[in-house]
Amino acid sequence: MKQLLYFLKLSLIAAVLLSMGQALTASVISGRVTDTEGETLPSALIEAINMDTGRSFGTTTSLDGSFELRVDPGVYSVTVSYLGFLDRTITVDAERDHNMGTIQLEMSTIGLQEVMVVSSFARDRQTPVAVSNISAEIITERLGTQEFPEILKLTPSVYATKDGGGYGDSRINLRGFDSNNIGVLINGVPVNDMENGRVYWSNWAGLSDVTSAMQVQRGLGASRLAISSVGGTINILTRSTDAQRRGVASTAIGSDGYSKQSLTLSTGLLDNGWAATVSGSRNVGNRYVRGLDYEGWSYFLNVSNQLARNHTVSLTAFGAPQHHNQRWPRQLVQTYREHRDYRRYNPAIGFKDGELYTGSFNFYHKPQISLNHYWSIDPETTLSTSAYVSISSGGGRRIAGNNANWLRYNSTDGRPFEMTRLTPSGYLDFDAVMAENRVSETGSQAIVANAVNEHDWFGMLSTLTKDIDNFQLTGGLDLRYYRGYHHQEIEDLLGGEYYLDITAGGNSRNINRAPNTLLREGNKITYHDLGEVRWAGLFTQAEYVTDDYSAFVSATASNTGYRRTDYFLYQDDSPEQRSDWINFNAYSFKGGANYNITHQHHVFVNGGYFTRAPFFRFAFIGFTNEVNVGVRHERVLSAEAGYGYRGRHISGNLTLYRTNWLDKALTRRIGDLMANLTGLDALHQGIELDFITEPLPRLTVKGMFSIGDWEWTDDVIADIYDENQVLVGTHAVYAGGLMVGNSAQTTAGLSVDYELLPRVVMGLDFTHFDRVFADFNVENRTVAAERGIQAWQMPSYQVFDLHLRYRFQISDLNASMFANVNNLFDTSYIADATDGASFDFDTATVYYGFGRTWSLSFRVNF
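Residues numbered from 1 in each chain as written. Predicted model: local features only at pLDDT ≥ 70, side-chain atom pairs only at ≥ 80, totals over all residues. Heavy atoms only, no water.

(A) Here's a closer look at the overall build of the chain. In terms of helices and strands, the chain carries six helices and 52 strands. In terms of overall dimensions, the chain is globule-like: its C-alpha atoms have a radius of gyration of 29 Å, near the 29 Å expected for 862 residues. Burial statistics for the chain: of 862 residues in total, 55% are counted as buried. Taking the contacts inside the chain whose residues are at least 6 apart along the sequence as the reference set, 67% of them involve residues at least 24 apart. Carbon and sulfur atoms provide 55% of the accessible area of the chain, an area that totals close to 36300 Å². Of note, the chain has its 71 positive side-chain charges centred 3 Å away from the centre of its 93 negative side-chain charges. (Helix = DSSP H or I, 4+ residues; strand = E, 2+ residues; numbered from the N terminus. Rg over C-alpha atoms; globule rule 2.2 N^0.38 Å. Buried < 20%, exposed > 50% of the residue type's maximum accessible area, 1.4 Å probe, protein only. Contact = heavy atoms within 4.5 Å. Areas by Shrake-Rupley, 256 points an atom, 1.4 Å probe, with all protein chains shown as cover. Lys, Arg positive; Asp, Glu negative; His and termini not counted. Charge placed at Lys NZ, Arg CZ, Asp CG, Glu CD.)

(B) Representation of the sheet that holds strand β24 (residues 349-352) within the structure. The mixed open sheet is built from three strands, whose spatial order is β25-β24-β30. Two strands in the sheet have a free side with no partner beyond their single neighbour: β25 (355-358) and β30 (428-429). With four bridges joining them, β24 and β25 adopt antiparallel strand pairing. Residue pairing across strands places F351 opposite L356, the latter belonging to β25. (Pairing = 2+ DSSP bridges.)

(C) A look at the sheet that holds strand β23 (residues 331-332). Read across the open sheet, the three strands follow the order β23-β51-β50; overall the sheet is antiparallel. Each edge of the open sheet is held by one strand with a lone partner, namely β23 and β50 (830-834). Relative to strand β51 (residues 845-848), β23 runs antiparallel, the two being bridged by two bridges. Across the sheet, L332 pairs through a bridge with T845, a residue of β51.

(D) Structural detail: helix α5 (residues 430-439). The complete set of buried residues in α5 reads F430, V433, M434 and N437. In an axial view of α5, the angular spread of the buried residues amounts to 100°, which keeps them on one side of the axis. α5 presents R438 and V439 as exposed residues on the side facing more than 90 degrees away from its buried surface. Two or three places before D431, at the opening of α5, D429 has a side-chain oxygen 3.3 Å from that residue's backbone nitrogen. (Arc of directions from axis to C-beta. Polar contact = N/O pair within 3.5 Å; in protein donor to acceptor, adjacent residues only side chain to side chain.)

(E) Up close: the packing of aromatic side chains. Taken as a whole and judged by the stated rule, the model has 30 aromatic pairs. Their ring planes at 70° and their centres at 5.2 Å tell us that Y562 and F616 sit as a pair that is edge-to-face. Here Y562 is found in strand β34 (residues 549-566), whereas its partner F616 is found in helix α6 (residues 616-619), with 54 residues between them in sequence. Aromatic side chains W792 and F841 sit 6.0 Å apart centroid to centroid with 70° between the ring planes, which places their arrangement in the edge-to-face category. One end of the pair, W792, is in the loop between β46 (760-773) and β47 (793-794); the other, F841, is in the loop between β50 and β51, with 49 residues separating them in the sequence. Residue classification places W792 among the buried residues on the basis of a relative accessible area of 9%. Site record: aromatic cluster; members linked through ring pairs are Y159, F769, Y797 and Y829. Seen from the ring of Y657, R175 lies directly overhead, with NZ or CZ sitting 3.9 Å from the centre. (Phe/Tyr/Trp six-rings, centres within 6.5 Å; stacked < 30°, edge-to-face > 60°. Lys NZ or Arg CZ within 6 Å of the ring centre and 35° of its normal.)

(F) Representation of a nonpolar patch on the surface. A contiguous nonpolar patch, built from L263, L265, V278, L301, I810, L813 and F862 and spanning about 550 Å² of accessible area, is present on the exposed surface. Relative to the elements of secondary structure, L265 occurs in strand β18 (residues 259-266). Its relative accessible area of 40% is what places L265 among the partly exposed residues. (Patch = residues over 30% accessible without salt bridge, like charges linked within 9 Å, V, L, I, M, F, W, Y side chains within 5 Å. Salt bridge = Lys/Arg side-chain N within 4 Å of Asp/Glu carboxyl O.)

(G) Highlighting the pairing of strand β36 (residues 601-612). Summarising the sheet, strand β35 (residues 582-596) and β36 pair through nine bridges and their orientation is antiparallel. The partner of F589 across the bridge, within β36, is Y609. Direction of pairing for β36 relative to strand β37 (residues 634-646): antiparallel, over a ladder of 12 bridges. Paired with Y609 across the strands is L637, a residue of β37.

(H) Focus on the confidence of the model for the chain. Here the chain averages 92 in pLDDT, while 96% of its residues score no lower than 70. Here residues 1-25 scores under 50 on pLDDT; set against residues more than four positions off or in separate chains, the count is 18 contacts. (pLDDT = per-residue confidence, 0-100.)

(I) Just empty space enclosed by the protein, in detail. In this structure the tally under the stated criterion is eight cavities of 30 Å³ or more. Of the volumes computed, that of the largest cavity is approximately 480 Å³. A226, I227, S228, W535 and R612 are, among the 33 residues lining the largest cavity, the residues nearest its centre. Those elements that place two or more of their residues in the lining of the largest cavity are β33 (524-545), β34, β35 and β36. Its residues placed into classes, the lining of the largest cavity shows 18 nonpolar, 11 polar and four charged. (1 Å grid on protein atoms, 1.4 Å probe; cavity = no way out; pocket = protein on both sides within 12 Å on 5 of 7 lines; lining within 4 Å. Points joined across faces, edges and corners; volume = space filled by probe spheres on them. Nonpolar A, V, L, I, M, F, W, Y, C, P; charged D, E, K, R; others polar.)

(J) Structural detail: the pattern of salt bridges. All chains considered together, the criterion is met by 41 salt bridges. R218 is the partner of E688 in a salt bridge, and the nearest nitrogen-oxygen pair spans 2.8 Å. Of this pair, E688 sits in strand β41 (residues 682-696) while R218 is found in strand β14 (residues 211-218), placing the two residues 470 residues apart along the sequence. By the burial criterion, E688 is buried, and R218 matches it.

(K) Region of interest: the nonpolar core. Counting 33 residues, the largest nonpolar core has Y159, L407, W792 and V846 as the members making the most contacts within it. Those elements that provide at least two residues to this core are α4 (333-338), α5, β46, β48 (797-810), β50 and β51. Beyond its immediate stretch of four places on either side in the chain, L407 contacts I399, L428, D429, F430, V433 and L494. With 27 residues, the next largest nonpolar core counts V636, L666, W710 and W712 among its residues. (Core = buried A, V, L, I, M, F, W, Y, C linked by side-chain atoms within 4.5 Å.)

(L) How the structure looks around the environment of T611. By the element assignment, T611 lies in strand β36. Note on T611: relative accessible area 11%, which makes it buried. For the pair T611 and Y587, spaced 24 residues apart in the sequence, the C-alpha separation amounts to 5.7 Å. If near-sequence neighbours (up to four positions away) are discounted, T611 is found in contact with A586, Y587, H633, E634 and R635.

(M) Up close: the environment of G484. As for its placement among the helices and strands, G484 is situated in strand β32 (residues 471-492). Given the relative accessible area of 0%, G484 is considered buried. When the C-alpha atoms of G484 and S298 are compared, they prove to be 23 Å apart, with 186 residues separating the residues in sequence. In contact with G484, not counting residues within four places along its chain, are E195, E454, H455, D529, L530 and G531.

Rendered as structure tokens:
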């Protein structure tokens, strides 16, 4: 610690002496940096080299894009650079003060501007929504060993954790809503699962390597599509094709065996109009929790061609095949404390043939390929069309069998069952189970199986835009077709010779297979079904924009169709094996307005209402092909208002929001009757603040604060009658007044960056999370005596992260080094929890967050 303090003192003294030296120089070079649309580019790098002496001077732009650089009198070569844009070099005579005026930078990638339009990327002081932008530079510098969604943890109303801790197993909540209710777009294409609305980040674990920009639109957002943006929209843009010939190579190491290498090569725009960029990476490690070994790869390819003056086509393909061990299920706090691994304890691991083995494992590959065409029909009219396909493969390892509990824990309380086989050290004993399976006269009683979930996904998204004076009219078509394949297959018989897939009553789970069929590795068991989804959506928007005012109104209409095929529950020759299509129509309306009071102050409002088709599982009764005829749409009513300030040295935003989630899907079977109940409503409202300031030269401070009031509003008590109006029963859900769980209702954060020396920046991030109630299924709150009892409130916690960036040159090549220490003080905290039987600390099952981790990376551009 003494050495560290000594180093910091030397760094501060050097910085002060450098500032004094610059103050004695006689000339000032100034200017303002923007993109071609006039958007300011804060933190752009300005480097001036004296053409006679070779001495260099540097600075970065302020929040409004302006800069002032003190230099020795002379003639300078001034280079302006910003990640994602082409460098621009200008010769300046600085014998006296010289103002360079506005310096516009062009994007370094071909077609990215068109993708931003298709993706409904919000523009500051124009689009009336609450947004936060995360640049590729921030992702590159600060992600380190974190999960991709965790880069958003300094965003208001965001709660992102590693959940189980496996590679890609992270989760994110926005304004209290989970990924089912957050629209996620990649290059404008929705990627939420077509059956359940979820986003599986393990499918996109390598996406951080190819992200060029990321934007979080809280609330209804600016997307024109009919997507599930109840809590907000996460808009991700991947790289396009670089306009200049270049390459980037990087390597990284870190704690717990972390190692990553990546390479990107670009041809630049060739004389024949073609350009190509290819990128790949490999990422391996063990993770902080024991037994979470993983290996992930990523690849990216973009090929573009300007076929004619008004036509550009591009082919984009990217994917991230990976396999990783997992941690499951959550455990009691006391269990962690008693185990020798404590926070690193993983209940899924055990020993097989004397080696470490896990009963929870994930493997998946979800490539996405899109062909994009951008047509500038005339100066006022453009047509953008994207046809895409995603064919995935993979699944997850699970313990199955009639005695699966030999190798399982009770997911309700995290404890082992009485029959769970454990080693003396408290790990799953696969060897003991293998010994029992070998002597079993009825085949293996506990086996390892893979839950396979694969899909074929085809889609087309086409957008026509017309500019008429200050108006922009947009209309488009969104078509999708999805086939989801679901089954379980045997991976390992664990010492036995065969397996019988039968119920407790001795019947085969596959009606088309005899009960005494001897099954072996690769055979399908337990279930086998196909889910089909077809989607057709129309969207339209009218936007009015002037320097002072902007406003928009938009509307969507969509039809969602579901069909289910079950190969186990119905005879192969039965027409009931495949259900009829069940269709749902939905619509949405939203609008907003922004008023720029001055160049510094602006205000905005927006609001909207939309209906949403029920998810696939609610359209059918149980796991059968019987259509749930009376299932209802969910409804959302949302409004927000905001104020923004943009100054040279400080900018900030204040937002108030209110979202009503109405008629959350609730189905209950009473006797032979399936009841679809309405009235299960939630209210999410709150206030958000974020700011960025530069109080001193080379010092940047960012901050955020949010406080939410998210609760279920009413009890649901319904008398249920049959078709003859005879009372069948009463069902009650005592939800009124319960706080929404699984997300921090109070968040705060502060990020401080200081340039210790030229091109050396140190940063410290602080995050605070409070009022986090344990996760619970509100539908299960059916006991009147428990009315009003809140889920367990987890202890608040604070985490510090340290960052260091050093930019330098190797010959004529630009290079960078990044160091990250996450959870600097090794804070012990609970990040995720499921409520227990007594709604308290003693019965809740939890995951601890990771302790201190670190990474060091090196990057060179050539």
